[in-house]
Amino acid sequence: MVVLEENSGDGKPISPDEETSLDTKLSTLSLEIFRVTKDAQQQHGLRHGDYQRYRGYCSRRLRRLRKVLKIPQGDRRHYRRRDVTAAHLTGASSESRLLCVPLLQAERAWAHAMQLRQEANTEPRKRFHLVARLRKACAHAQMLLQLCEQSGACDARTQLEAGAYAAWLGGVLLLELQQWRPAAESLTRAQLVLEKLSAALPEDERLLYKQKVEELKPSLRYCAYNIGDESAAGDLVAMRGQGLIENLDTLMAQAKESRSGVMHEVEWRGRRVTVRPEKVRLFLIALQDLDKSVASAQSVQAKIDILENVLMDCKDAITAIKDEIKNDPKLKTAGDNQQVSSVNYLLSYLMYLRLVRTIERNNLLVQQAEEARKYNTQIDGKKVRPQDLTRLYEIILQNYVELQQLPGFENDAAYQNEIENELKAYRAFRCYYIAQVLTALRRFREALAMLERCSVYTSESLKSKLLDKQLLEKLRVLQKNIESCKFEVHADSVLEDDDEDEESKYTSGKSYKDKKPLVDRLDDYREDSQVLTKNPNIFKLPPPMEAVPCKPLFFDLACNFIEFPNLDDKTGVANNKKQGAGLTGLVKGFLGWGKSDK
């Protein structure tokens, strides 16, 4: 019999059954492994991808835990390994923090492996160290799982989470070793356990496990792709468009050896060229499954995201080709013949792909804008206007102009004719939306002229041999809309007759507003309600400036040519000259005295 001592000091006897249940309750340990690791990762560096900082945190936390739990590994001089065993979990001083020791050891080894993966991009030899650290992480995770299962001191949730954690780390190791089928089995096992846990937990605790399940999906699809599932390649590209896979190029590079059609050369418009840069080769491999992934996307925005990611890859591939041409001066010139070199031809092909995919992306933007305009919805909080669609078609036309100017195809008549036919089609769409803009501005004559030009472009495009069936269907719909739009513009122009409006402002009982002030239209009688308001338009203040003639200026040009008479006799200047003669007069004149005052 056990006696419970309360604060008051009184004893209370309990039965043996209650004693057994109490011991079981006190000895049951619980640890939410995924929640603990997620919180630690978010707070200590992994939010920014700093694995070294997270690794240092795990080491410091382990040191503190071993000191508090009194399981140090030797002293200052000697190292003696001491692991957490089942005896620690079943002892009197057992607590859930004991399970954190193997968990943090596994997290520390995994963080070190991820740090080495970042460094292995420039130092390939570090991949061997990476595999060794992943093996160590798997060993610690298996130790945690054995402690939870064999000790019997952990609850069911802790055991399930430990199993899922160990399966996930095992799948990561097998992925690094390129053992695709065992990796898929381990990851599938972890995914199944996490899904069951998520279904059994309350609603506020499910989010963490759902996020972990979503993180496993790209790895599972990549394993299926390497095993031989062709549909997984399109799923990989779609996941990359949604931002789920960041290192798709690296994954494709690892799989290119086992894939049957390795992209070593490409054929375009009857010419085959060799693909040497690795980045270009990876881009062309990923491009093979692009159409399937775009077609399987659920929304227009998802298709746009996929194409934008592909355009970024295409830009990197073009940069790689340009760097190769820049580093090799021999590749800058095409030689004595007029044929473009293979590297420049490959560059033109990549630029062609970039422009074509850009046009496809812009067409999706046009489709999105037209749907928003049709259902009167907003895009990014703004209502779609005809000006927005006109701007998109302007960008598409600019892309076609760049296609016409591709190096090496300026004199290709068939290529130029093909681009010109598509140019006419998109000019028709641009004219149609420009006509709508002019109609909104009440400029009906210009709108009718644009519709006539749109009709001409549409007829010429339908007569030409366009290969794009979707574009042909849009042109047929446009041809029907042009006629109805003409009638609408003509009806609006009749209703806006200037003569009728000029007569109505005198005869109708409605008030008429004029921009001229009242002082300038005193001879015209109009019922102007603005005169009775607080700001009547009676006189413009300040008054306008008026031009006035300036004061004339006279210039005396004949003054220098007039000879004046000699008046020395009358003024007495001659007498003064006579008196000043001689030495005395000179001295007097020089010293300034002896002169007569006048």
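Residues numbered from 1 in each chain as written. Predicted model: local features only at pLDDT ≥ 70, side-chain atom pairs only at ≥ 80, totals over all residues. Heavy atoms only, no water.

(A) Region of interest: the overall build of the chain. Scanning the chain from terminus to terminus reveals 23 helices and six strands. In the chain, buried positions account for 38% of the 598 residues. Pairs at least 24 residues apart make up 60% of the contacts formed inside the chain by residues separated by at least 6 positions. Carbon and sulfur atoms form 51% of the exposed surface of the chain, whose accessible area is close to 38,300 Å². (Helix = DSSP H or I, 4+ residues; strand = E, 2+ residues; numbered from the N terminus. Buried < 20%, exposed > 50% of the residue type's maximum accessible area, 1.4 Å probe, protein only. Contact = heavy atoms within 4.5 Å. Areas by Shrake-Rupley, 256 points an atom, 1.4 Å probe, with all protein chains shown as cover.)

(B) Seen up close, the pattern of salt bridges. On inspection of all chains with the given rule, the structure shows 27 salt bridges. The residue Glu215 makes a salt bridge to Lys212 at a minimum N-O spacing of 3.6 Å. Residue Glu215 and its partner Lys212 are both found in helix α9 (residues 206-227); the two are separated by three residues, about one turn of the helix. Since its relative accessible area comes to 15%, Lys212 is described here as buried. Put simply, Glu420 and Arg427 hold a salt bridge, and the shortest N to O gap is 3.4 Å. With a relative accessible area of 26%, Glu420 lands in the partly exposed category. Residues joined in a network through salt bridges with shared partners are Glu32, Arg35, Asp39, Arg157, Glu161 and Glu205. (Salt bridge = Lys/Arg side-chain N within 4 Å of Asp/Glu carboxyl O.)

(C) Structural context of unusual backbone geometry. In this model, Leu541 is joined to Pro542 through a cis peptide bond whose omega is -5°. Residue position: Pro542 is located in the loop between α20 (498-507) and α21 (568-571). Even without glycine at this site, Lys70 takes up a positive phi of about 60°. Position of Lys70 among the secondary structure elements: in the loop between α3 (51-69) and α4 (86-90). Given a relative accessible area of 68%, Lys70 falls into the exposed group. Within the chain, Arg442 stands out as a residue other than glycine whose phi angle is a positive 65°. With respect to the helices and strands, Arg442 occurs in the loop between α17 (413-440) and α18 (444-463). Arg442 gets classed as partly exposed once you look at its relative accessible area, which sits at 43%.

(D) Representation of the pairing of strand β3 (residues 265-268). Burial along β3 is one-sided: the face carrying Val266 and Trp268 is buried and the face carrying Glu265 and Glu267 is not. The sheet contact formed by β3 and strand β4 (residues 271-274) spans four bridges and is antiparallel. Bridged to Glu267 within β4 is Arg272. (Pairing = 2+ DSSP bridges.)

(E) Broad picture of the nonpolar core. Of all hydrophobic cores here, the largest spans 74 residues; its most connected members are Val280, Phe283, Leu284, Leu350, Leu403 and Tyr426. Setting aside anything within four residues of it in sequence, one finds Val280 in contact with Val275, Ala317, Ala320, Ile321, Leu346 and Leu350. Leu99, Leu103, Leu169 and Ala184 belong to the second-largest nonpolar core, a separate cluster that totals 68 residues. (Core = buried A, V, L, I, M, F, W, Y, C linked by side-chain atoms within 4.5 Å.)

(F) Highlighting the packing of helix α2 (residues 33-43) against α9. At a minimum axis distance of 10 Å, the contact between α2 and α9 shows a crossing angle of 80°. One finds that α2 runs roughly perpendicular with respect to α9. Of α9, the residues touching α2 (which contributes Phe34, Arg35 and Lys38) are Leu208, Tyr209, Gln211, Lys212 and Glu215. Classifying every residue of the contact of α2 with α9 gives three nonpolar, one polar and four charged. (Axes fitted to C-alpha atoms, helices over the stretch in contact; angles between N-to-C directions. Parallel < 35°, antiparallel > 145°, perpendicular 65-115°, else oblique. Nonpolar A, V, L, I, M, F, W, Y, C, P; charged D, E, K, R; others polar.)

(G) Representation of the environment of Gln405. Looking at the secondary structure, you find Gln405 in the loop between α16 (386-404) and α17. Assessed through its relative accessible area of 55%, Gln405 is described here as exposed. In sequence terms Gln405 and Gln416 are eleven residues apart; their C-alpha atoms lie 9.3 Å from each other.

(H) A look at the packing of helix α12 (residues 278-287) against helix α15 (residues 342-374). Taken N-terminus to C-terminus, the directions of α12 and α15 make an angle of 40°; their axes are 13 Å apart at the nearest point. Accordingly, the angle class assigned to the pair α12 and α15 is oblique. Judged by the twist between their axes, the crossing of α12 over α15 is left-handed. Mapping the contact onto sequence places Val280, Phe283, Leu284 and Leu287 in α12 and Leu346, Tyr349, Leu350, Leu353 and Arg357 in α15. (Left-handed = near helix turned anticlockwise from the far one by under 90°.)

(I) Representation of the pairing of β4. Burial along β4 is one-sided: the residues Arg271 and Val273 are buried and none of Arg272 and Thr274 is. The hairpin formed by β3 and β4 contains two residues between the paired strands, and Arg269 there has a positive phi angle of roughly 55°.

(J) Representation of a positive patch on the surface in the model. Together, Arg53, Arg60, Arg63 and Arg64 make up a region of like positive charge exposed at the surface. With respect to the helices and strands, the residue Arg63 is situated in helix α3. (Patch = residues over 30% accessible without salt bridge, like charges linked within 9 Å, V, L, I, M, F, W, Y side chains within 5 Å. Lys, Arg positive; Asp, Glu negative; His and termini not counted. Charge placed at Lys NZ, Arg CZ, Asp CG, Glu CD.)

(K) Examining the confidence of the model for the chain more closely. Looking at the chain, pLDDT values average 79 and 80% of them are 70 or higher. Below a pLDDT of 50 lies the segment residues 241-262, which in the model reaches 35 contacts outside its immediate sequence neighbourhood of four places, other chains included. (pLDDT = per-residue confidence, 0-100.)

(L) Molecular detail of α18. Helix length check: α18 (20 residues) gives 29 Å between terminal C-alpha atoms against 28 Å at 1.5 Å per residue, within 8%. Of all the residues in α18, the buried ones are Phe444, Ala447, Met450, Leu451, Cys454, Tyr457, Thr458 and Ser461. All buried residues of α18 project into a common sector of 135° when viewed along the axis, lining one side. Residues Arg445 and Lys463 are exposed on α18 and point more than 90 degrees away from its buried face. Check the buried side of α18 and you find it contacts α17 and α19 (469-495). (Expected span 1.5 Å × (residues − 1). Arc of directions from axis to C-beta.)

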